[in-house]
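# Survey of secondary and tertiary structure
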Amino acid sequence: MKGVPAQAEPPVSRVGGLPDRGPGLDRRQERRVRRVAIVGNPNTGKTTLFNRVAGVRHKTSNFPGTTQEARLGFADGLDLIDLPGTYSLELDLSESQICRDVLSGQTAPRGEPMSAPDAVLVVADACNLPRNLMLVGEVLRRRLPTVVAVNMVDLSRRRGIHIDVERLSEELGCEVVLCSARTGEGLERITRALHDAAIPHPTPPGDEAGLRRWAERLYVFAATAEEGAADDSFTDRLDRTFTHPVLGTLVFVGVMTGLFWMIFKLAATPMSWIDALFGVLASQARSSLPPGVLTDLLTNGVIAGVGATAIFLPQICLLFFLISLLEGTGYLARAAFVMDRVLRPFGLSGHAFVPLLSSHACALPGIMAARAVPDRRDRLATILVAPFMSCTARIPVYVLLTVLLFPGREGMQALAFTGCYVIGVFAGLLSSLVARRTILRGKSRAMAMELPSYKWPSVRTALMLTMDRGMMFLKKAGTVILMISVVLWWMGTYPLTPEPAELIGARQRVAAAGPGAEPALTDEVRALETEHGRVSARRTIQARIGSAIQPIYAPLGYDRQLTIGVLASFAAREVFVSTMAVQVVGSNDAPVKGMLAEIASAKRDDGTPIFTAPTSWSLLIYFVLSMQCLPTLVVTAREAGGWKWAGLQMAWMTGLAYLSALVVYQVLTAAGVS
Amino acid sequence: MPLSQMPLGSRAVVSESDLDESDASLLRAMGLGPNAEVRMCRLGEPCIVALPCGCDAGGCRIGLSRRIAERVYVRAMPV
Ligand SMILES: Nc1nc2c(ncn2[C@@H]2O[C@H](COP(=O)(O)OP(=O)(O)OP(=O)(O)O)[C@@H](O)[C@H]2O)c(=O)[nH]1
Ligand SMILES: [Mg+2]
């Protein structure tokens, strides 16, 4: 598990099961390994601490409810289980249930005996101890060896809160450690304390009111706050601005537009570098290797396919980087309330905001995050519409098509690019409305959510996440996309058609005439070569498959080659671009600069352009709306509790995509747009 | 008096609520239960309250839909 990014692996655990520890690790033999459950209120830094201690990089953000499933990590002698944050162990919410199950020993890592953990680490927020101590009390009552980590002391010190660890630990009957998961302070002491942890002796009261008084008394006893050290008026002002009906909405629109604008703008330069790099690679390969099938495979299959995908690395990295910074500030919880006003009429609640926002990176973590939506019907609606949000896999397609529709006009490109995201969001909202009027009748539940304190986002966290996601993307380009590109190249090359006798004869005559050959003769050879290319291209496997299925997509304006592109994108959306790149290399008469430009100006064998304006618009709409992601369907089925939900999602999205693209193409064609 | 009618910036103590049990238990666990001291930070939709939790330097903030704020009742702070 070491060094593996959070979302690299599919979410594997659910209530009642924990991820596998992997083969070959029979650590149960070593008696000294202790299983430790990490519990605490939401947003207290549990995952940040877990990441530091276990050396992993799971997702953290300054928003309550980031972790929604149990995860396993290893530190020396400790098996750590990071759990979702919960306000109490007794609530009827999924996060509370998961913590209960782990603490009572009703779940265990696969292949291990069900048993309660050997120790519990309660992570408490030093800036909000009284409430956090209530959860500490609930845990102490379970009489498991316990250590309390009072986290975020870097912030509490600045606020003038002094915590007397000795007194606190004496009262609680267990070790208390002051720490900061961000700076790393105190973490070594925590691991040591976990090894030595013993069952605490005093038992806090079991009833809620009693527990509350117990926590408050403890706090007064063990902590002191400097008079007037903290000033809340700045936070008050920020909160009022961010949730203001008008100002708040403006800020929100500004932030989101700025986000997507920056992704489009800032990525342009590095994209052109990568494009140039692959261009050089291809021409180097072509000129230095002997002509033949292998060179062809390398340049037209591998380099074209992988290059056309790798170009989008900067945009994908920027998206993850910027969203991670935004998540660190604490703004999103405010935005959730702004969005609550917008989402409510569509039958979604403000709780759906963060799941939908993260779906813009990838629908999988987005759907997982929907566990934080407390109401079942609200949650189902959120899961159903989450894949309408434009994920990073769509970015390559959007960029290709917008560049193609508005060549050289960057402003319009950025606008159309942003427009795609807007269309996706609207389609999601309308679909939710339909669902809430039919299969999921009812109103969304009113919101109550903690607003985390504003913090400076951690650039380190953002960079790490970006690196992980960037590597994942490259890995995909180097494996799945590479493989598909090679297969497509193969299907587009074979079976080979032998050259006709005419062509061979003409060639021989040119060769015999030497450098002084008549222009008419060389022209004849060229014409015959073109004709031969056309005939053999039509006989390839790819062409046959394309032609067979093309009638389905004909009303949408897609020809044989685009049909292949759309079909291949069922494997992964971004494959569309690499597929088109592999299909069209060398179809241009004049060499064009850049991979995207080459695809954009590609021609069919009869000389007509593949991408006309109506076709491109139709494709764009198709890709915004359609469901082309198997993993998403699997996660939907699991999180929604049945394959019928996944089937519904698939049918609805694909149907909507097909119809919308059909309308767009037919209307534009009828209007004479070309 | 409902929470939603507290003057801006004023302080009060939560007395009771007539929310359904799932909402009420969540609020109690969040610290917004009977006898909790609250300070009103923003009125309307959403309503934002700060829970000083015994000291003004710490505590937390909770955002509430108006629908919830209208059904949580508070009384004046005991002096
Ligand atoms: N300044 C400071 N920030 C911290 C510290 N620990 C965590 N944070 C920040 O607090 C926020 C919440 O951290 P997480 O680790 O996601 O919290 P969590 O307890 O896992 O949250 P949930 O999964 O939602 O329950 C993040 O923005 C962290 O960067 C700390 O010691 N000091
Ligand atoms: Mg977490």
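Up top is the structure these notes are about.
Residues numbered from 1 in each chain as written. Chains lettered and ligands numbered in written order. Predicted model: local features only at pLDDT ≥ 70, side-chain atom pairs only at ≥ 80, totals over all residues. Heavy atoms only, no water.

## A look at the coordination of the magnesium ion (ligand 2)
Residues and elements named next belong to chain A. Only Thr47 (OG1) and Thr67 (OG1) from the protein reach the magnesium ion (ligand 2) as donors, at distances of 1.9 to 2.0 Å. Placement of Thr47 in helix 1 (residues 46–54) and of Thr67 in the loop between helix 1 and strand 2 (71–75) is noted, with a sequence separation of 20 residues between them. According to the relative accessible area criterion, Thr47 is buried, its value standing at 7%. (Donors = N, O, S within 2.8 Å, 3.2 Å for Na, K, Ca; no water. Helix = DSSP H or I, 4+ residues; strand = E, 2+ residues; numbered from the N terminus. Buried < 20%, exposed > 50% of the residue type's maximum accessible area, 1.4 Å probe, protein only.)

## Things to note about the side chain of Thr86(A)
Counting through the fold element by element, Thr86(A) comes out in the loop between strand 3 (78–82) and helix 2 (94–103). Overall, Thr86(A) belongs to the buried group, its relative accessible area being 2%.

## A word on the nonpolar core
In a soluble, globular protein the nonpolar side chains are often hidden away together inside. All names here are of chain A. Phe312, Phe353, Tyr558, Phe576, Phe611, Leu619 and Tyr622 are the most contacted members of the largest nonpolar core, which has 117 residues in total. Broken down by element, this core gets its largest block of residues, twelve residues, from helix 9 (residues 247–288). Residue assignment places this core across two domains, with domain 2 (247–442) and domain 3 (479–670) each supplying three or more. Those residues in contact with Phe353 that lie beyond four places of it in its chain are Phe252, Met256, Leu332, Ala335, Ala336, Met339 and Leu343. In this structure, Leu140, Leu144, Ala222 and Ala223 belong to the second largest nonpolar core, which totals 40 residues. (Core = buried A, V, L, I, M, F, W, Y, C linked by side-chain atoms within 4.5 Å. Domains from an automatic or database assignment. Contact = heavy atoms within 4.5 Å.)

## What about the interface of chain B and chain A?
Residue-level contacts link 34 residues of chain B with 36 residues of chain A. When the two sides are added together, the surface that chain B and chain A hide from each other amounts to roughly 3000 Å², 53% of it contributed by carbon and sulfur. At the boundary of chain B and chain A, one finds five salt bridges. Its salt-bridge partner being Arg61(B), residue Asp239(A) comes within 2.9 Å of it at the nearest N-O pair. In this assembly, chain B and chain A are joined by 13 residue pairs in polar contact (both at pLDDT 80 or more). For the side of chain B that touches chain A, the elements supplying multiple residues, two or more each, are helix 1 (21–30), strand 2 (37–42), strand 4 (60–64) and helix 2 (66–69) of chain B. Here the side of chain B that touches chain A takes eight residues from helix 1 of chain B, the largest share from any one element. When the residues that make up the side of chain B that touches chain A are grouped by side-chain class, the tally is 17 nonpolar, nine polar and eight charged. As judged from the four bridges shared by strand 9 (residues 448–451) of chain A and strand 4 of chain B, these two strands associate in the antiparallel manner. From the neighbouring strand, Leu451(A) faces strand 4 of chain B, where its bridge partner is Arg61(B). (Buried area = accessible area lost by both parts, 1.4 Å probe. Salt bridge = Lys/Arg side-chain N within 4 Å of Asp/Glu carboxyl O. Polar contact = N/O pair within 3.5 Å; in protein donor to acceptor, adjacent residues only side chain to side chain. Nonpolar A, V, L, I, M, F, W, Y, C, P; charged D, E, K, R; others polar. Pairing = 2+ DSSP bridges.)

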